[in-house]
Every structure is written in C-alpha cells, then in structure tokens.
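Examination of the molecular architecture
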Amino acid sequence: MAETIIEPIESYGLSTKDRKRSLFSKIGVVGGGRDGQTIVRATSLAGLEVTLIETSRENIDSVLEEVGRDLDTKIESWGLTPAEKRMIMSRISGSQDYQALADCDFVIECVRYDNQGERSTESRKEVFRKLEKVVSTDAIIATNATTVVISELTSELEHKERCISLHFPVAHSDAKLFEVVRGLYTSEEVYRKVLLFAKLIKYETIDVHESNGLVSLRLMVTILNEACQMLMENLAPMESINRLFEVVYGMRLGIFRMADIIGIEKLVTLMEDMFNEYGDKKYKPSPVLWRLYRTNQMGITSGKGFFIYENGKPVAPNTYFRAMSL
C-alpha cells in the first residue's frame, strides 16, 4: 500500500501567517470617562476595532450604554441605521486586564477623573508603565491630557520615543479636531503615524508645544472666568449671556453649557493647575465656579450646573443664580 504523504498547505492558501498587519488595526483606550467615550466612539465609527480598559465590568457596561445612546441619537436624526449601529458596537470590546491590549497598535490613556476632578500624574505614570509591559515596542502610547506634560509622563519609560500627547475636545461629538503635542523624545515617525490616525477617523489636528492648558483650555477658561465676572456684576442673566455666545459668536452650546459638559470639578482643578503654573489670575477659578463646586453642582454628571439637566439634556437654567447673592 502506498505511503500517504502529508504536506502543509498553508503556503498555497489564504493563510494569515505571513500577512502584514495593517496600521491601526486595533486601538486601545484606558479609561471610559467622557474623554474615553469620545475616543471609543470616534474610532469605532471610523471602522477601527477598539478595546476599552476599565476598573470594573459595571464601568465597561456603562460606557457601552452611553455610546449606544449616542448612536441612537444619530439614528433618530437619520444619520445612522440600526444595522450600522450594531456593526459599530461589535467593534468595541471591554476588559479589566491590560493584557487585552497586547495586540494594539495605538493605546490612548485617559483614566477617569475622581470625584474631586483630579487624575494624578502618578496614576498616569503607572498606566504608562503597565502599557509598556504588554504592548509591542513599536506600538504608540499616548495620553489625552491638557495640563500634564508628556515628557514628564514618559521620563521613566524605556521607549520614550513612541509616546505622544493628544487632546480630544468633549464639548460635542461634531468637534472633529484634536491637539497634538510632541514630547522631548517623541520620534518624527510616531508623529506622522498620529497624523495618519487623525485622517482615518476624519479629524483635523493642530500642533501645540508642551504647555499647561494647551490652546483649547487656556482660551476656554479665560472666556468662562470673564462670563462669571459678568454674573457677579449682575450685568445680565446667565441664560442671556450664554445665548449671546451661541448667536453672536457661533459657539453652538454657549460658554456655560460647555462648562457643564466638561464638568465644573474638572475645570476648577485644571484652572488651579494653570494658575500655579503661570501665576496669572486670569486662570484662577471664579468664585462662581467655586460655589458650584462646593455645592456639588458639577454640570451634566450631577444633573445641575449652570443649567438643570434630565437624561443629559438641559431643561431649564439653574435658579440658584437668581437666588444667590453675588
């Protein structure tokens, strides 16, 4: 009887063994707060797979629900179909284990703020150390930050050249632009890859040098402080000032709505950071912001800020401003 010859057929078929992986085939996001949700939504909408790392299964489920609700809004406005929503959601996975990021090309750290609006530099450094242990040496590691300097975050890493800082705006989902900050060690190759990533998700970019507050936050808080000063002078009602910014200056949400979306607790903390950095009183949080902060009126997350919210939608101005004596 003839001997049966067994020969591997992988080399003759459509094997993935030697197939080169496409760049940005999988994105990682560490932290599912508002910033993290923005990135998860943008990447999955663009057709990229994304893995979210969170501290609990409950947090992961909460993020998926939030992203789902945002997609439902698009369906209601005829910007998406239910089938497209299912496809987008299928691209998102969640885990509590950093090992799930091992095959990611690009990981963005945006750990959640705590109840006081803080996320410490040390906690971010710890995230970077964990990421360096699990991702490949050519994977990009980024932070989504406004007041933290990327060179400081990467100071203890072995491969500093693959680290970069980004800042995604969170005021509304159509703000398709992010700031790009190269650190002292960031390579030109990594910078170019990040620009390609921006094109893939249909975002514009602006280059910003390492600085506390970057461009977006420094402009925003200066305007916000001046608007709060007008409130203290009883120059005009809060909702009228907000409406003026919407109509006259094209700020689609107005300055006070934007503050509520970002979060009063985050703004107070970030503004204190900038004041300590620059020593300029224009960055010192207004007494109006401190009053909201101390009375736990943090904006959308607490249901009350400059406006009152139900299911994330503004329903009325906060009457607190009429009652409080400024």
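Up top is the structure these notes are about.
We now turn to the structure provided with this report. (Residues numbered from 1 in each chain as written. Predicted model: local features only at pLDDT ≥ 70, side-chain atom pairs only at ≥ 80, totals over all residues. Heavy atoms only, no water.)

A full pass over the atoms with the stated rule returns 16 salt bridges. Across the pair Glu66 and Arg69 runs a salt bridge, and its minimum N-O distance is 2.5 Å. On the criterion of helical spacing, the pair formed by Glu66 and Arg69 is a turn pair, its members being 3 residues apart in helix 2 (residues 57-76). Residue Glu66 is classed as partly exposed on the basis of its relative accessible area of 33%. The exposure class of Arg69 is partly exposed, given its relative accessible area of 44%. The network of salt bridges with shared partners includes Glu122, Lys125, Glu126, Arg129 and Glu156. (Salt bridge = Lys/Arg side-chain N within 4 Å of Asp/Glu carboxyl O. Helix = DSSP H or I, 4+ residues; strand = E, 2+ residues; numbered from the N terminus. Buried < 20%, exposed > 50% of the residue type's maximum accessible area, 1.4 Å probe, protein only.)

To continue, consider the pairing of strand 9 (residues 307-310). Side chains Phe307 and Tyr309 of strand 9 all project onto a buried face; the interleaved residues Ile308 and Glu310 project onto a face where none is buried. Direction of pairing for strand 9 relative to strand 10 (residues 313-317): antiparallel, over a ladder of 4 bridges. Looking across to strand 10, one finds that Phe307 is bridged to Pro317. (Pairing = 2+ DSSP bridges.)

For the rest of this paragraph, the subject is the packing of helix 7 (residues 216-232) against helix 9 (residues 254-262). The contact between helix 7 and helix 9 brings their axes to 10 Å, and the two run at 120°. Between helix 7 and helix 9, the crossing angle belongs to the class labelled oblique. Note that helix 7 runs across helix 9; the crossing there is left-handed. Packed against helix 7, whose contacting residues are Met220, Ile223, Leu224, Ala227, Cys228 and Leu231, the element helix 9 presents Ile255, Phe256, Met258, Ala259 and Ile262 at the interface. (Axes fitted to C-alpha atoms, helices over the stretch in contact; angles between N-to-C directions. Parallel < 35°, antiparallel > 145°, perpendicular 65-115°, else oblique. Left-handed = near helix turned anticlockwise from the far one by under 90°. Contact = heavy atoms within 4.5 Å.)

Centre distance and the angle of the planes are the two values used to describe a pair of aromatic rings. Within the structure shown, the criterion is met by 10 aromatic pairs. Between Phe178 and Tyr203, the aromatic rings sit 6.0 Å apart at their centres with planes inclined by 35°, giving tilted as the arrangement. Within this pair, whereas Phe178 is found in strand 7 (residues 177-181), its partner Tyr203 is found in the loop between helix 6 (188-200) and strand 8 (204-207), the two being separated by 25 residues in sequence. On the basis of relative accessibility, which here comes to 0%, the residue Phe178 falls in the buried class. A relative accessible area of 8% means that Tyr203 is categorised as buried. (Phe/Tyr/Trp six-rings, centres within 6.5 Å; stacked < 30°, edge-to-face > 60°.)

This part is about the side chain of Arg257. Topologically, Arg257 is positioned in helix 9. For the buried residue Arg257, which engages in no salt bridge, the nearest side chain bearing the opposite charge is Glu246, 5.1 Å off. In this structure Arg257 touches Asn242, Phe307, Tyr309 and Pro314, once residues within four positions along its chain are discounted. (Lys, Arg positive; Asp, Glu negative; His and termini not counted.)

Owing to its 3.6 residues per turn, the α-helix brings residues three or four apart onto one side. The end-to-end C-alpha distance of helix 4 (residues 121-134), which contains 14 residues, comes to 20 Å, matching closely the 20 Å that a straight helix rising 1.5 Å per residue would cover. Listed in full, the buried residues belonging to helix 4 are Arg124, Lys125, Val127, Phe128, Leu131, Glu132 and Val134. Against strand 1 (26-30), strand 4 (106-109), strand 5 (140-144), helix 5 (150-153) and strand 6 (163-167) lie the buried residues of helix 4. (Expected span 1.5 Å × (residues − 1).)

Before going further, it helps to examine the nonpolar core. Met220, Leu224, Phe256, Ile264, Leu267 and Phe306 are the most contacted members of the largest nonpolar core, which has 36 residues in total. Every element with two or more residues in this core is listed here: helix 7, helix 8 (238-247), helix 9, helix 10 (264-278), helix 11 (287-294) and strand 9. If we skip the residues at most four places from it in the chain, Leu267 touches Leu217, Met220, Val221, Leu224, Ala259 and Ile262. In this structure, Leu48, Leu52, Leu80 and Ala142 belong to the second largest nonpolar core, which totals 32 residues. (Core = buried A, V, L, I, M, F, W, Y, C linked by side-chain atoms within 4.5 Å.)

Nonpolar side chains collect at one region of the surface, where Leu177, Ile206, Val215 and Leu219 lie side by side and expose about 300 Å² of accessible area between them. Its place among the elements puts Leu219 in helix 7. Residue classification places Leu219 among the exposed residues on the basis of a relative accessible area of 54%. (Patch = residues over 30% accessible without salt bridge, like charges linked within 9 Å, V, L, I, M, F, W, Y side chains within 5 Å. Areas by Shrake-Rupley, 256 points an atom, 1.4 Å probe, with all protein chains shown as cover.)

This part covers the pairing of strand 6. The buried fraction of strand 6 is high, at 5 of 5 residues. Going residue by residue along strand 6, you find Cys163, Ser165 and His167 tucked away on one face and Ile164 and Leu166 tucked away on the opposite face as well. Looking at chain direction, strand 5 and strand 6 are connected through 4 bridges and run parallel. Along strand 6, the bridge assignment pairs Asn144 with Leu166.

The end-to-end C-alpha separation of helix 6 is 19 Å, in line with the 18 Å expected for 13 residues at 1.5 Å each. For helix 6, every residue scored as buried is listed here: Val190, Tyr191, Val194, Phe197 and Ala198. Along the axis of helix 6, the buried positions cluster into a sector of 110°, meaning they face one direction only. Helix 6 presents Glu189 and Lys199 as exposed residues on the side facing more than 90 degrees away from its buried surface. Positive phi shows up at Lys202, right after helix 6, with a value of about 65°. (Arc of directions from axis to C-beta.)

Note that Thr186 resides in the loop between strand 7 and helix 6. A polar atom in the side chain of Thr186 sits 2.6 Å from the backbone oxygen of Cys163. Polar contacts involving the side chain of Thr186 include one to the main-chain amide nitrogen of Gly183, which spans 2.8 Å. In this view, Thr186 contacts Lys160, Glu161, Cys163 and Ile164; residues no more than four positions away in its chain are not counted. (Polar contact = N/O pair within 3.5 Å; in protein donor to acceptor, adjacent residues only side chain to side chain.)

Nothing here speaks to function; it is all geometry.
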